[in-house]
Amino acid sequence: MNGHFATKGDAPTQAQYEHGVQVVDEDKEFNSKITSYLQVTDVAEAGFNYHLISVFGSQSTGKSTLLNHLFGTEFNVMSEAERRQTTKGIWMSKNKRGSMADNILVMDVEGTDGRERGEDQDFERKSALFALATSEVLIVNIWEHQVGLYQGANMGLLKTVFEVNLQLFLKDKQSTPRSLLFFVIRDHIGHTPLANLRNTLIQDLTKIWSSISKPQGLDGSRIEDYFDFAFAALPHKILQPDKFVSEVGNLGKRFVSGSRSSNNKNEHGQQELDGGVFLPEYHRRIPADGFSVYAQGVWDQIVNNKDLDLPTQQELLAQFRCDEIAREVLVGFDEAIGPLEEKQAEASRVGKPLVLADLGNTGRTTREKCVKAFETQASRYHKAVYARKRTELEGKIDQRLKTLYHGQLIAAHKSGVTTFSDAVSGAVKTGQKSGGAYEFAEIVESEKTKTLERFKKEAQGLAIPGVAWSNFKSQYALFEKELDEVSSRLRKEEMRRLAIRVERWVKSRLADSIGLEFNKLGSGRGGNGAPETGEKPETEKDLWDRIWNVFVSVVKEAEGRFVERAKSFEASEDEVEVGLWRLRRKSWVALRERIDEEVMEGNILLKLRENFEDKFRYDEAGVPRIWRPADDIEGIYTRARESTLTLIPLLSRFRLAATYAPPDLPDFIGTQPSGVEPEDEDDLTPIGGVDEEDGKSLEEEMTVLSEGKRQDLVVRFKKTADGVYVEAKRSAIGGVAQ
Ligand code: GDP
Ligand code: MG
């Protein structure tokens, strides 16, 4: 996640920074481009793996020259001819020499001219504060001949450094960072050994320390509590150029990581550095990518003469940088998750549920990557701020994932319900095609298991370990509930289909049996009743009893089939009861329709004619009559006609022979069960005497032929009978004539 440091387009290049970068210009303005310099020089990504060195000393003491030789930098130096001050403000450049510690940044601070006062002293103090707030090592550049000149300009500078140091770290009680004061003694002639020079300097420093006014509570503090010291001497650059170069080379070797050696104490009781100058305790712990913001904040405080409160600066920096890093990290999140959010939004706009493939994995890894990237960079900053900002970032990420995941489960829910209901219907259809041998309950159960498993997999796939909101048990429960509702709806439909099948079966059975009963009417010879006796044959008298009995037994059988099948797919008691009630009603209506068909004008007239002809044309023994003129054609005709005519009132009403009353239809159908729902009644025909509000009585329900139809039928039948009679008469005469 270092993407945001990548240089783009017309970004600055190394060449533009030949002389380093000016951190603070001569008007005390801070340069906001420091970050870009750190990016170009690859320091910005270094985290804590960088070092800051500042150089101090009077003007024109060869500071810039020293830095350039030591670190290969190209700070401006005074030309021998002009002798004007060159370094203005504070410059910074990255070390260009190898075999030193990584990422050494060197700050060349405008020197003070001992002869000038006022403005200069103000800047001196401000730059000292700035250097101390940021640097691990302060190089103090000093001529050999100045050593021991306690009143000299350098001592004034050191006094300032000590004072601002106390002021600076007063607030920072926990860390009290130390710094290294590295004295580089220039134009060392060699008469006085370095050890002696060092002793003199340490004595002077101790004197200065005791002379400065210390804040309350720090009266007893010692200089060693804040500073370590190191010393080096260099020969005259112009007089001994070769030696100067080789000594600078030796000096350079010390700019590596170091440690404190415990058995190497000098005569002042101080521990000496063991080689390298960079001790971890000197580091200001400002991550490189936050250095620019931090330095600017520090400088603003200094310039405005505010109390410099480093812990607060570090908190502010942490807030600023954590926000920046979070924004960067969210760009990556957007790239991965944004398109998915759009797809989902589009699908929901057009109302098509879309289950995004592999969403759980994408979400989880993206979340992990983002948080990890944030952690890598931001955790270097102020711990409490980092923790808070991390929670904030997780909140933002989770809010979006949460919305996305909920959408995903809604889609999975919708498509799951559709798939389930389609699969059940499909299996039922296949079952029906292959002869109806399918177990509805089993189909529902197996499809439900499959569908639930799929949903569960999706929901579990979305889970993020240790993240409470990513538990979707309640969505799963909701989905299961809906599947149960769909199952019960499908079962109702299956019940309907079953009811239709059973009703069809009832109809076809009734068509056969009832047709058979009515056909018997056509034969006037049936049974043992002779037309002459006036008694109706058995087949005619108990017509309705037989029809009722056939009806009842067909319905009973149908009920048996219905119950058996409904039980097999686990219909409830209520559902079965309602189904049977509907079946009985529909069966009755079917019977009534069948009867109406039988007594339709043409049909019934034909039957009466057949009945009559049988009685008229055949004798008691069932032998066809050959009419002769002497026969009592008229008498036989009259008896046969009257006998058939008695059928008409019999056919007009559905009555049982024993009671001479209609069958107890209301009892047969039974009272309406409590489980009947409005849609169960939708396709029901009202039945007289059963449905009270219908206004039709049972008597009316049982009326097969209305009075008008009856009379009409009598007239038509008589005409038909008359026709047969005339024909018989003619054939009798004709038979004689032949
Ligand atoms: P700065 O103002 O401290 O940065 O000093 P400069 O590096 O600009 O040098 C000021 C002058 O001192 C230049 O003319 C240098 O040539 C000269 N100079 C540089 N190094 C040495 C040295 O080691 N000894 C002496 N005597 N002069 C030096
Ligand atoms: Mg200079």
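Residues numbered from 1 in each chain as written. Chains lettered and ligands numbered in written order. Predicted model: local features only at pLDDT ≥ 70, side-chain atom pairs only at ≥ 80, totals over all residues. Heavy atoms only, no water.

Participant: Can you break down the pairing of strand β2 (residues 51–56) residue by residue, with the values?
Facilitator: In terms of burial, β2 is largely enclosed, as 6 of its 6 residues are buried. Bridge count between β2 and strand β4 (residues 104–109): 5 bridges; the pairing is parallel. Bridge pairing in β4 links L52 to L105. By the bridge criterion, 4 bridges tie β2 to strand β5 (residues 137–143) in an arrangement that is parallel. Looking across to β5, one finds that I53 is bridged to V137. (Buried < 20%, exposed > 50% of the residue type's maximum accessible area, 1.4 Å probe, protein only. Helix = DSSP H or I, 4+ residues; strand = E, 2+ residues; numbered from the N terminus. Pairing = 2+ DSSP bridges.)

Participant: Got a sec to walk through the pattern of salt bridges? Specific residues and values, please.
Facilitator: Enumeration according to the criterion identifies 49 salt bridges in this entry. Where E494 meets R497, a salt bridge forms, and the shortest distance between an N and an O atom there is 2.7 Å. One end of the pair is E494 and the other is R497, both in helix α12 (residues 473–522) and 3 residues apart, which spans about a single turn. Across the salt bridge formed by R509 and E557, the nearest N and O atoms sit 3.4 Å from each other. You can see R509 sitting in helix α12 and its partner E557 sitting in helix α14 (residues 543–568), a full 48 residues away along the chain. We classify R509 as partly exposed; its relative accessible area is 30%. (Salt bridge = Lys/Arg side-chain N within 4 Å of Asp/Glu carboxyl O.)

Participant: An account of the confidence of the model for the protein chain is needed here, citing residue identities and associated values.
Facilitator: In the predicted model, the protein chain carries a mean pLDDT of 87, and 89% of its residues have values of at least 70. The least confident element of the protein chain, judged by mean pLDDT, is strand β9 (residues 271–274) at 60; the most confident is helix α9 (residues 359–378) at 96. Low pLDDT (under 50) marks residues 526–534, which in the prediction has 8 contacts with non-local residues, meaning those over four places away or in another chain. (pLDDT = per-residue confidence, 0-100. Contact = heavy atoms within 4.5 Å.)

Participant: Any chance you could break down the pairing of β5 for me, citing the residues and the numbers?
Facilitator: Buried residues dominate β5, accounting for 6 of its 7 residues. In this structure, β5 lies alongside strand β6 (residues 179–186), joined through 7 bridges in parallel fashion. Following the sheet pairing, I139 is matched in β6 by F182.

Participant: Quick rundown of the sheet that holds strand β3 (residues 90–94)? Include the residues and the values.
Facilitator: Pairing is mixed in the open sheet, where 7 strands are placed in the order β1-β3-β4-β2-β5-β6-β7. Of all the strands in the sheet, the pair left with one neighbour each is β1 (21–24) and β7 (227–233). Looking at each pair of strands side by side, their axes are set apart by 25° on average, direction ignored. (Axes fitted to C-alpha atoms, helices over the stretch in contact; angles between N-to-C directions.)

Participant: I'd like a rundown of a negative patch on the surface, residues and numbers included.
Facilitator: A cluster of acidic residues, E679, E681, D682, E692, E693, D694 and E700, forms a negative patch at the surface. Structurally, D682 is set in the loop between α20 (678–681) and α21 (698–701). Overall, the relative accessible area of 63% leaves D682 in the exposed class. (Patch = residues over 30% accessible without salt bridge, like charges linked within 9 Å, V, L, I, M, F, W, Y side chains within 5 Å. Areas by Shrake-Rupley, 256 points an atom, 1.4 Å probe, with all protein chains shown as cover. Lys, Arg positive; Asp, Glu negative; His and termini not counted. Charge placed at Lys NZ, Arg CZ, Asp CG, Glu CD.)

Participant: Tell me what's going on with unusual backbone geometry, and back it up with residues and numbers.
Facilitator: A positive phi angle is found at N103, which is not glycine, with a value near 50°. In this structure, N103 sits in the loop between β3 and β4. By relative accessible area, which is 15% here, N103 ends up buried.

Participant: If you had to explain the nonpolar core to someone new, which residues and values would you point to?
Facilitator: By size, the foremost hydrophobic cluster in this structure holds 182 residues, and its most contacted members are M92 and F616. Considering every element that reaches this core, the biggest residue donor is α12, with 14 residues. Grouped together as the second largest cluster of nonpolar side chains are 27 residues, I53, I104, F244 and V277 included. (Core = buried A, V, L, I, M, F, W, Y, C linked by side-chain atoms within 4.5 Å.)

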